[in-house]
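A closer look at the structure
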Amino acid sequence: MITPTEKIWRNGELINWNDANVHVLTHALHYGSSVFEGIRCYETATGPAVFRLNEHMRRMFDSAKIYRMDIPRFTQAELADACREIVRVNGLKSCYIRPVVFRGYGEMGVFPLQNPIEIYICCWEWGKYLGAEAIDKGVDVCVSSWTRIAPNTLPAMAKVAANYMNSQLIKMEAVLNGYSEGIALDASGYASEGSGENIFLIRDGVIYTPTLGTSALPGITRDTVMTLAREAGIEVKEQAIPREWLYIADELFFTGTAAEVTPIRSVDKIAIGSGTRGPITAKLQTAFMDILTGKAADRFGWLTHV
Ligand code: PPE
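Here's a quick rundown of the structure.

A short note on the pairing of strand β12 (residues 206-209)
On β12, burial covers both faces: V206 and Y208 on one face and I207 and T209 on the other are all buried. Looking at chain direction, strand β11 (residues 198-203) and β12 are connected through three bridges and run antiparallel. Among the inter-strand pairings, I202 is bridged to a residue of β12, identified as I207. If you look at the hairpin formed by β11 and β12, you'll find two residues sitting between the two strands, and D204 has a positive phi there, around 50°. In this sheet, strand β13 (residues 236-238) lies alongside β12 in parallel orientation, the contact comprising three bridges. What sits directly across from Y208, in β13, is K237. For the segment spanning β12, helix α6 (residues 220-231) and β13, crossover handedness is right-handed.

Below, the structure is given as structure tokens:
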């Protein structure tokens, strides 16, 4: 169970955790009309710092724009400040931050433009997304029998609640069959992403990841890993990845705010490479963690102190 913090930010004010309630006829509850972000704040030697806050805010505004949601009264910079404020007032050293913008109570029916837009920002302490051992040992995954949302159905570039019904089907199937996660294929049969992570493949020293055209979220950790890999002189290619390429990869890993960089050690019970975390994955994990912990310089300007 989630451990409550003291405060939640709502439409510009701080309210108590237990007062952050909505009416049961809230539009988003019935029709999935909610856009959100997931952001991590890390403990550094110089205090808590939020990772790539501005990029997350930008993606949230992009998601809202795709769905014709006008975020009232607040700019990206103001909501970024609100994210810092909620971590500060709750006194957390490290946490996960969840801003959510949704269509609230008013009209019922799928024409949503009369409903008010509500903004909440919450935070809580969130441990390892795919289990405690996942980061070192890797996870066992399957290819899902569910197809990822097709581009002309629900836009994958928007991080919206409705997309996560597809994610839940993928995740439930995987977990109930004994896997940690599922990889979904896109509507053409190419590898897309996990239920809540982007995927990366390594073969002969080159890193590959599906293009955004294969129904993958423009992940901020995805961009982070591509940047760090290129800085380390490793070639990175975005391209269509056929399913069978997953099986014959030297290394595979997931990226995501919650999952960070998590190695994949098997797909459909086929061992990937040596069946443990591979050397390039380990190198990228270290490069990533060194920035988060302040061990390496924040040379890309990715940390915002609270
Ligand atoms: N794809 C999906 C579908 C996805 O949900 C995420 C993040 C990513 C890729 C990676 O994106 P990024 O976090 O920007 O690197 N999933 C978030 C929600 C997880 C949840 O269960 O809630 C997350 O990791 O915060």
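Some remarks on empty space enclosed by the protein
The full count for this structure, using the stated rule, is two cavities of 30 Å³ or more. Quantified by volume, the largest cavity comes out at close to 60 Å³. Surrounding the largest cavity, I39, R40, Y42, F51, H56, I220, T221, G256, T257 and F288 form its lining. Elements represented by at least two residues in the lining of the largest cavity include exactly β4 (39-44) and α6. Ranked by residue count, the leading element in the lining of the largest cavity is β4, at three residues. Class assignment for the residues of the lining of the largest cavity results in five nonpolar, four polar and one charged. Space inside the second largest cavity adds up to approximately 40 Å³. What lines the second largest cavity is simply D250, E251, L252, P263, I264, I272, T276, R277, G278 and T281.

Examining the environment of G138
With respect to the helices and strands, the residue G138 is situated in the loop between α4 (134-137) and β8 (139-147). Beyond its immediate stretch of four places on either side in the chain, G138 contacts E133, P263 and R265.

Section: the layout of surface pockets
Reported here for the largest pocket is a volume of approximately 700 Å³. Forming the walls of the largest pocket are 36 residues, and the residues nearest its centre are F36, R98, Y129, K159 and Y164. When contributions to the lining of the largest pocket are tallied by element, the ones reaching two or more residues are β3 (34-36), β6 (95-103), α5 (163-176), β10 (191-194), α6 and β14 (251-256). Across the lining of the largest pocket, the residue classes tally to 14 nonpolar, 14 polar and eight charged. Looking at the second largest pocket, its volume works out to about 310 Å³.

Some thoughts on the packing of helix α2 (residues 53-66) against helix α3 (residues 76-90)
Contact geometry for α2 and α3: axes closest at 10 Å, N-to-C directions at 125°. On the basis of their axis angle, the class for α2 and α3 is oblique. Read as a crossing pair, α2 and α3 show a hand that is right-handed. On the side of α2, the interface is formed by L53, N54, M57, R58, M60 and F61, while α3 contributes Q76, L79, A80, C83 and R84. Residue classes in the contact of α2 with α3 are distributed as seven nonpolar, two polar and two charged.

Quick notes on the rules
- Residues numbered from 1 in each chain as written.
- Predicted model: local features only at pLDDT ≥ 70, side-chain atom pairs only at ≥ 80, totals over all residues.
- Heavy atoms only, no water.
- Buried < 20%, exposed > 50% of the residue type's maximum accessible area, 1.4 Å probe, protein only.
- Helix = DSSP H or I, 4+ residues; strand = E, 2+ residues; numbered from the N terminus.
- Pairing = 2+ DSSP bridges.
- Right-handed = clockwise from strand over helix to strand, strands pointing away.
- 1 Å grid on protein atoms, 1.4 Å probe; cavity = no way out; pocket = protein on both sides within 12 Å on 5 of 7 lines; lining within 4 Å.
- Points joined across faces, edges and corners; volume = space filled by probe spheres on them.
- Nonpolar A, V, L, I, M, F, W, Y, C, P; charged D, E, K, R; others polar.
- Contact = heavy atoms within 4.5 Å.
- Axes fitted to C-alpha atoms, helices over the stretch in contact; angles between N-to-C directions.
- Parallel < 35°, antiparallel > 145°, perpendicular 65-115°, else oblique.
- Left-handed = near helix turned anticlockwise from the far one by under 90°.

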